[in-house]
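Results of the structural survey
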Amino acid sequence: MSCIIKKNLLLEGKTKKIYTTNNPIEVLIHHKDDITALNGLKKKLLQDKGILNNEISTLIFKFLNSCGIKTHFIRKKNNREQLCHKVDIIPLEFVVRNIVSGSMSKRLGVREGIDLYNPIFEIFYKNDQLKDPLINDHHAVFLKIISYEELNTIYGIISKINHILKKYFLDKNIILVDFKTEFGRNHKNEILLSDEISPDTCRFWDKITMKKLDKDLFRMEKKEKEEVFDIYMEILKRLNVS
Ligand code: TMP
């Protein structure tokens, strides 16, 4: 395995930092301890959350790689960092919903918990100034963010990911309510699943008790930070049981 040298800070987001390396087509992604909600309006430090999310996301991306999904993930480097293929992130969030919750429940005035017979896909335009609005395919193509062909490719990939992860989590008594994905283009213009998949970016409910096991605890309720941390630990524990 070649030696990776961390070089310059390329980008800093709300929960991650991205560093260049001695290899121009690879980056190091560092998971921070910050936890944010409401477009960054609510922000706290949750000590060691970055370590948990790095490990949880590593397990999920390794599993998706083994299932033939093309992702940016190469390997975990240390407890906070992953070595990944460098991509240009497409500024869209692709949300997959299996059960009504969150913004869909509020936007459409329908109660949380309704099972969606067909999963619903939504796209949000990643733009802090506009507060990440929900848009459709035609808006995304008009904005020259993506082509119709690439959108179709990504819809195919998220459908597969949903199928794989629903079963993966159900085997651990976790219902995958909804989740957010991001994609990027590598130097060969191939589309790779990027970013992270963790309790920050998914809704998980316990299969038996229906208890929330994700960032919703931080978003909606006056929970102690320790309780949110314990829930992330619980997810990691369940993923480590095969
Ligand atoms: P929503 O119901 O708030 O639209 O969220 C849908 C899913 O997307 C949920 O699992 C949380 C995730 N998500 C993110 O990962 N980042 C975000 O900025 C937002 C708004 C949602």
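Before reading further, recall that the structure is shown in the block above.
A brief look at the structure comes next. What you see is a predicted model; the values in this text were computed from it and never measured.

A word on the pattern of salt bridges
Applying the stated rule across the entire model yields 24 salt bridges. Of the charged contacts in the structure, one is a salt bridge between Lys76 and Glu55, with a shortest N-O distance of 2.4 Å. Of this pair, Lys76 sits in strand β6 (residues 73-76) while Glu55 sits in helix α1 (residues 49-66), and the two are 21 residues apart along the sequence. Classification of Lys76 by relative accessible area gives partly exposed; the value is 30%. The shortest N-O distance in the salt bridge between Glu112 and Lys212 comes to 3.0 Å.

With respect to the sheet that holds strand β2 (residues 16-21)
If you trace the 5 strands from one edge of the open sheet to the other, you get β1-β2-β3-β7-β6, paired in antiparallel fashion. Bordering the open sheet on either side are β1 (6-12) and β6, each of which pairs with just one other strand. Ignoring strand direction, the axes of neighbouring strands in this sheet form an average angle of 30°. In the sheet, β2 pairs with strand β3 (residues 26-31) via 5 bridges, with the strands oriented antiparallel. From the neighbouring strand, Ile18 faces β3, where its bridge partner is Ile29. Packed onto the sheet, α1 meets β3, β6 and β7 (81-85) and runs at close to 130° relative to β6.

Some details on the packing of α1 against helix α4 (residues 148-170)
Helices that pack against each other are described as a pair by the angle of their axes relative to one another and the distance between those axes. For the pair α1 and α4, interaxial distance at closest approach is 11 Å and the crossing angle is 125°. Viewed along their axes, α1 and α4 adopt a mutual orientation that is oblique. The chirality of how α1 crosses α4 is right-handed. Here α1 contributes Leu59, Ile60, Phe63 and Leu64 to the contact with α4, which in turn contributes Ile161, Ile164, Leu165, Tyr168 and Phe169. Residues of the contact of α1 with α4, tallied by class, amount to 9 nonpolar, no polar and no charged.

Section: the packing of aromatic side chains
Taken as a whole and judged by the stated rule, the model has 7 aromatic pairs. Each ring, one from Phe94 and one from Phe183, has its centre 5.7 Å from the other, and the planes form 90°; the classification is edge-to-face. With Phe94 in strand β9 (residues 92-99) and Phe183 in strand β12 (residues 174-185), this pair connects stretches of sequence that are 89 residues apart. For Phe94, a relative accessible area of 0% puts it in the buried group. Under the relative-accessibility criterion, Phe183 is labelled buried at 0%.

Looking at α1
Taking 1.5 Å as the rise per residue, α1 with 18 residues should run 26 Å; its terminal C-alpha atoms sit 26 Å apart, in good agreement. Every buried residue of α1 is accounted for by Lys49, Gly50, Leu52, Asn53, Asn54, Glu55, Ile56, Ser57, Thr58, Ile60, Phe61 and Leu64. Just downstream of α1, Gly68 is the residue with a positive phi angle, here 90°.

Notes on the site of the ligand
In the neighbourhood of the ligand, 14 residues make up the surrounding shell, with Arg97, Ser103, Asp178, Lys180 and Arg203 lying closest. Within the side chain of Arg97, a nitrogen or oxygen atom sits 2.9 Å from an oxygen atom of the ligand. In this structure, an oxygen atom belonging to the ligand sits 2.6 Å away from a side-chain N or O atom of Ser103. When the ligand is considered free in solution it has 450 Å² of accessible area, and contact with the protein chains removes 79% of it. Counting only elements with at least two residues in the shell around the ligand, the list comes to β9, α2 (102-108), β12 and β14 (202-206). By residue class, the composition of the shell around the ligand is 4 nonpolar, 3 polar and 7 charged.

Basis of the calculations
Residues numbered from 1 in each chain as written. Predicted model: local features only at pLDDT ≥ 70, side-chain atom pairs only at ≥ 80, totals over all residues. Heavy atoms only, no water. Salt bridge = Lys/Arg side-chain N within 4 Å of Asp/Glu carboxyl O. Helix = DSSP H or I, 4+ residues; strand = E, 2+ residues; numbered from the N terminus. Buried < 20%, exposed > 50% of the residue type's maximum accessible area, 1.4 Å probe, protein only. Pairing = 2+ DSSP bridges. Axes fitted to C-alpha atoms, helices over the stretch in contact; angles between N-to-C directions. Contact = heavy atoms within 4.5 Å. Parallel < 35°, antiparallel > 145°, perpendicular 65-115°, else oblique. Left-handed = near helix turned anticlockwise from the far one by under 90°. Nonpolar A, V, L, I, M, F, W, Y, C, P; charged D, E, K, R; others polar. Phe/Tyr/Trp six-rings, centres within 6.5 Å; stacked < 30°, edge-to-face > 60°. Expected span 1.5 Å × (residues − 1). Near = heavy atom within 4 Å. Polar contact = N/O pair within 3.5 Å; in protein donor to acceptor, adjacent residues only side chain to side chain. Areas by Shrake-Rupley, 256 points an atom, 1.4 Å probe, with all protein chains shown as cover.

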